[in-house]
Amino acid sequence: MTQYSYSRVSLFNDCPYHFDLKYNKKLTEIPKLDADNPLIIGNALHSGIEHDVETAINEYFNSFPVLTDAIVEEAIKLEILIPKVKSFLEEQFDGFEFIHEYKIDHTRFLGFVDLILIAPDGTCMVVDFKYSNHIKNYLDSGQLHIYKDYLEKDGFDVKRLAYLFVPKTSIKQKDTEDLFHFRKRIHQEVSDSEVKFVPIEFDDMETVYFLNNINDIEEAKDYPRNTSGKCFSCIPKFRPNYLEAIENDKGDVEMVLPKNERRERKIDTKPDFWIYADSYVGKSTFVDQVKNVLFLNTDGNTDNTTAPIVALKDVVTKSGRVTNRKLAWDLFLEAISELETDDNDYEAVALDLVEDIYEHCRVYVFDKNGWEHESDGSYGKGWSKVTTEFNNAIKRLKALGYQVIYISKEKIEEITLKGGSKRTTFKPNINDKVANFLTGTVDLTLRAYVNSDDERFLQLAKKQNVFGGGRFDFQVDQIPLELDAFIEELTAAQEGKAAKTKEKPKRESRKKEEETVESNSDDAVEETPVTDEEKPKRERRTRKAAEESEDKPEEEKPRRQRRERQPVDDTPPGEEGPAAEQQEEKPERTRRTRRTRGDK
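Residues numbered from 1 in each chain as written. Predicted model: local features only at pLDDT ≥ 70, side-chain atom pairs only at ≥ 80, totals over all residues. Heavy atoms only, no water.

J.: Kindly report on the overall build of the protein chain, identifying the contributing residues and their values.
T.: For the protein chain, the helix and strand inventory stands at 16 helices and 22 strands. Counting across all 600 residues of the protein chain, residues that qualify as buried make up 51%. Partitioning the contacts of the protein chain with sequence separation of at least 6, the portion at a separation of at least 24 is 71%. Carbon and sulfur atoms make up 46% of the accessible area of the protein chain, which totals about 29,800 Å². (Helix = DSSP H or I, 4+ residues; strand = E, 2+ residues; numbered from the N terminus. Buried < 20%, exposed > 50% of the residue type's maximum accessible area, 1.4 Å probe, protein only. Contact = heavy atoms within 4.5 Å. Areas by Shrake-Rupley, 256 points an atom, 1.4 Å probe, with all protein chains shown as cover.)

What follows is the structure in structure tokens.
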């Protein structure tokens with residue numbers, strides 16, 4: 001039986017179309033890795049409120065493939081806001097017990113409560129955090145009212161409901177302002193802001209409406225777009241970017257429910273990946289070792305590779321006095337069409353170089369529309385056309401089931417840390433928005449480099465100043481730039497994870513949903529999903545000592561659960577940290593509930 005979260009039902013009410021894409025068709029959403037991503041900031045903010053600033057900053061930094069100036073500036077805000085919230089809660093609720101991210105787990109409902117405050121007399125207050133300045137947009141939400149009903153079934157005596165609004169500061173650097181003074185102004189603006197605590201009255205009808213909406217979902221046949229007129233996912237600026245299909249074992253598209261059988265765990269030695277390096281390091285030679293790989297090559301540097309290639313370049317032919325020009329992008333689309341026929345024995349496709357292919361896409365769009373630059377289109381239209389054309393082609397390629405490999409040259413930049421010191425960053429030679437899209441379509445992103453002794457290495461460990469990361473928990477930081485060594489470490493990483501799982505079973509983490517409360521289009525970015533319904537599981541011990549709890553009859557014990565917080569890279573912000581581990585690959589650990597100084 002399906003469990004429904006508040007955000008799941010709310011999405012259906014706002015836009016059945018996007019509900020259908022996410023929950024029925026199960027399309028893969030490519031994450032947006034902007035510095036001000038509300039989901040990432042919201043999670044870091046809540047982590048800091050529950051723990052400390054250092055934990056939050058490291059969690060925030062490790063959510064991105066590489067540090068940027070904009071990320072550093074958002075971290076500055078978090079460093080100021082988190083102590084503000086913690087101080088407010090400690091002053092206003094001295095003597096209360098704090099339960100963070102309590103999981104409500106019922107047959108038909110799944111939810112995560114940001115904070116439960118238990119008074120000395122045993123009564124409770126439920127608090128929801130919002131990173132927003134638009135208070136009115138949230139007061140009509142039924143979320144807290146539904147939480148109250150289900151929490152009471154879990155044994156909580158809920159008497160009060162409230163929102164805690166964390167102020168959001170959105171200012172831009174002036175043309176006449178240097179980075180130092182801009183960050184100083186950020187610090188001042190955030191320091192002057194104040195958190196707002198807003199109690200609300202309970203409405204017992206909200207749960208009735210919620211259950212009626214579930215019936216509507218289960219009876220739905222059509223899924224129209226934006227029926228409420230308030231769906232921020234329908235606004236081009238905020239529209240989710242989906243891959244065209246869910247892939248199972250490299251290409252089998254699930255069109256019906258699979259049999260209810262456990263699948264055998266397989267070692268993936270053919271992950272989709274992105275490799276980048278400086279010129280003449282050997283990135284193409286490394287990829288050339290992949291079995292049955294086809295190169296879609298743009299730069300003509302194929303002397304050191306032996307795999308078949310399709311040369312992507314403009315082709316000019318003459319027929320009498322008529323000159324015909326076939327653009328490289330047309331050839332790329334034709335190559336994808338040929339691969340779609342499946343009449344070949346290729347197993348992998350390498351885009352070498354992927355940034356050149358993106359530039360060919362730009363030229364194609366310009367030629368089609370008579371432009372010389374994206375800005376020649378109406379406001380935002382030029383950039384949108386290029387992005388849509390490129391993304392759609394990559395999605396087509398990804399849906400075919402081949403191992404997809406991107407190859408790029410390296411770009412070196414400098415960022416300014418909080419203290420003013422400079423730090424060198426390494427990233428693929430492509431603009432950040434395209435890079436964030438591409439890294440969301442592969443399993444891992446890797447940097448290759450050569451040292452002073454002319455030895456070539458592949459960096460596996462994640463570092464804050466090196467664009468990269470992935471879903472594998474590698475046991476070493478670097479390896480020789482050889483395919484056999486890479487496959488060996490891939491196998492070791494997955495076997496190590498399997499051994500840990502066998503030794504100590506772990507809970508499956510769920511993707512955190514973005515909350516879709518009613519708001520206008522201007523407030524869409526304000527919706528910080530710190531209360532997302534499908535967060536990884538948390539378990540919280542009861543207020544009573546374990547031995548006291550054991551003496552109670554089973555039906556009298558409240559079910560207080562919380563997700564177990566994963567360990568984070570605790571390297572000081574701005575310094576290189578160890579390899580960031582994916583949540584599903586980390587060992588679990590337990591923690592008791594936090595009590596204020598009023599508890600003895």
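The rest of the description comes next.
J.: Requested: an account of a nonpolar patch on the surface, with residues and values cited.
T.: Taken together, the side chains of Met205, Val208 and Tyr209 define a hydrophobic patch exposed on the protein surface, amounting to about 250 Å² of accessible area. Judged by relative accessible area, valine 208 falls into the partly exposed class, the value being 36%. (Patch = residues over 30% accessible without salt bridge, like charges linked within 9 Å, V, L, I, M, F, W, Y side chains within 5 Å. Salt bridge = Lys/Arg side-chain N within 4 Å of Asp/Glu carboxyl O.)

J.: I'd love a proper account of helix 9 (residues 206–219), names of residues and values included.
T.: Taking 1.5 Å of rise per residue, 14 residues should cover 20 Å, and helix 9 covers 20 Å from first to last C-alpha, within 8% of that figure. All of the buried residues along helix 9 are Glu206, Thr207, Phe210, Asn213, Ile214 and Ile217. Seen end-on, helix 9 carries its buried residues on one side only, within an arc spanning 115°. Buried residues along helix 9 sit in contact with helix 1 (6–14), helix 2 (16–24) and helix 7 (143–153). (Expected span 1.5 Å × (residues − 1). Arc of directions from axis to C-beta.)

J.: Explain the environment of glycine 48 to me, and be specific about the residues and the numbers.
T.: Structurally, the position occupied by glycine 48 is in helix 3 (residues 38–50). A residue is classified by how much of its surface remains accessible, and glycine 48, at 0% relative accessible area, is buried. Between the C-alpha atom of glycine 48 and that of isoleucine 82, which follows or precedes it by 34 residues, the distance is 5.9 Å. Those residues within four positions of glycine 48 in sequence are excluded, and the remaining contacts are Ala56, Ile82 and Lys86.

J.: Give me the pairing of strand 17 (residues 422–428): which residues, what numbers.
T.: The two faces of a sheet get side chains in turn, since along a regular strand they alternate between them. With five of its seven residues buried, strand 17 lies for the most part within the structure. With seven bridges connecting them, strand 16 (residues 403–416) and strand 17 associate as antiparallel partners. When the sheet's bridge partners are listed, lysine 411 is paired in strand 17 with lysine 427. Connecting the antiparallel pair strand 16 and strand 17 is a turn made up of five residues, with glycine 420 showing a positive phi of about 100°. (Pairing = 2+ DSSP bridges.)

J.: Lay out the pattern of salt bridges with the relevant residues and their values.
T.: Inspection of the entire model under this criterion finds 25 salt bridges. We note a salt bridge from arginine 396 to glutamate 340, for which the minimum N-O separation is 2.9 Å. Of this pair, arginine 396 sits in helix 13 (residues 381–398) while glutamate 340 sits in helix 11 (residues 328–340); the two residues are 56 residues apart in sequence, bridging distant segments of the chain. Under the relative-accessibility criterion, arginine 396 is labelled partly exposed at 27%. Residue glutamate 340 is classed as partly exposed on the basis of its relative accessible area, which comes to 38%. Among the charged side chains, a network of salt bridges with common partners joins Lys411, Glu413, Lys427 and Asp432.

J.: I'd like a description of the nonpolar core, backed by residues and values.
T.: One broad rule of soluble globular proteins: the nonpolar side chains tend to lie buried together. Judged by nonpolar contacts, the single largest core of 43 residues is most densely connected at Trp274, Trp329, Phe332, Leu351, Phe390, Tyr406 and Leu438. Elements that contribute at least two residues to this core include exactly strand 10 (273–277), strand 11 (293–297), helix 11, strand 15 (348–352), helix 12 (354–369), helix 13, strand 16 and helix 14 (432–439). When sequence neighbours within four positions are dropped, the list of residues in contact with tryptophan 329 reads Ile357, His360, Cys361, Tyr364, Glu389, Phe390 and Ala393. Membership of the second largest hydrophobic core comes to 42 residues, among which are Leu33, Tyr60, Ile80 and Ala119. (Core = buried A, V, L, I, M, F, W, Y, C linked by side-chain atoms within 4.5 Å.)

J.: I'd like to hear about the packing of helix 13 against helix 14, residue by residue, with values.
T.: The geometry of helix 13 relative to helix 14 is characterised by a closest axis approach of 12 Å and an angle of 20° between their N-to-C directions. Accordingly, the angle class assigned to the pair helix 13 and helix 14 is roughly parallel. Relative to helix 14, the crossing made by helix 13 is right-handed. Packed against helix 13, whose contacting residues are Phe390, Asn391 and Ile394, the element helix 14 presents Val434, Phe437 and Leu438 at the interface. (Axes fitted to C-alpha atoms, helices over the stretch in contact; angles between N-to-C directions. Parallel < 35°, antiparallel > 145°, perpendicular 65-115°, else oblique. Left-handed = near helix turned anticlockwise from the far one by under 90°.)

J.: Go over the side chain of lysine 86, please, and point to the residues and values.
T.: With respect to the element layout, lysine 86 can be found in helix 5 (residues 69–92). As a buried residue without a salt bridge, lysine 86 has its nearest oppositely charged side chain in glutamate 90, at a separation of 5.0 Å. From its side chain, lysine 86 meets the backbone oxygen of histidine 51 in a polar contact 2.9 Å long. Sequence-distant contacts of lysine 86, that is, excluding residues within four places in its chain, are made with Gly48, Ile49, Glu50 and His51. (Lys, Arg positive; Asp, Glu negative; His and termini not counted. Polar contact = N/O pair within 3.5 Å; in protein donor to acceptor, adjacent residues only side chain to side chain.)

J.: Pulling in residues and values, what's your account of the environment of isoleucine 82?
T.: Its location among the elements puts isoleucine 82 in helix 5. In this structure, the C-alpha to C-alpha distance between isoleucine 82 and glutamate 50, residues 32 residues apart in sequence, is 9.5 Å. Apart from the residues lying within four places of it in its own chain, the contact partners of isoleucine 82 are Ala44, Leu45, Gly48, Ile49, Val53 and Ala56.

J.: So what's going on with helix 1? Which residues, and what values?
T.: Counting buried positions along helix 1 yields eight of nine residues, so the element is predominantly enclosed. Among all positions in helix 1, only Tyr6, Ser7, Arg8, Val9, Ser10, Leu11, Phe12 and Asp14 are buried. Those residues of helix 1 that are buried lie in contact with helix 2, strand 3 (110–118), helix 7 and helix 9.

J.: Please give an account of the side chain of threonine 169 that cites residues and values.
T.: With respect to the helices and strands, the residue threonine 169 is situated in the loop between strand 5 (157–166) and helix 8 (179–192). Of the residues examined, threonine 169 reaches a relative accessible area of 10% and is grouped as buried.

J.: Give me the lowdown on the packing of helix 1 against helix 2, citing residues and values where you can.
T.: Their axes nearest at 6 Å, the elements helix 1 and helix 2 cross at an angle of 135°. Between helix 1 and helix 2, the crossing angle belongs to the class labelled oblique. Two secondary-structure elements touch here, helix 1 through Arg8, Leu11, Phe12 and Asp14 and helix 2 through Pro16, His18, Phe19, Lys22 and Tyr23. Among the residues forming the contact of helix 1 with helix 2, the class breakdown is five nonpolar, one polar and three charged. (Nonpolar A, V, L, I, M, F, W, Y, C, P; charged D, E, K, R; others polar.)

J.: Tell me about the packing of aromatic side chains, and please be specific about residues and values.
T.: Tallied over the entire structure, the rule returns 23 aromatic pairs. Seen from their ring centres, phenylalanine 93 and phenylalanine 96 are 5.4 Å apart, and the 80° between their planes marks the pair as edge-to-face. On the basis of relative accessible area, phenylalanine 93 is assigned to the buried category, the value being 6%. Phenylalanine 96 sits in the buried class, given a relative accessible area of 13%. When the centroid spacing of 5.5 Å and the interplanar angle of 85° are considered together, the rings of phenylalanine 109 and phenylalanine 210 count as edge-to-face. (Phe/Tyr/Trp six-rings, centres within 6.5 Å; stacked < 30°, edge-to-face > 60°.)

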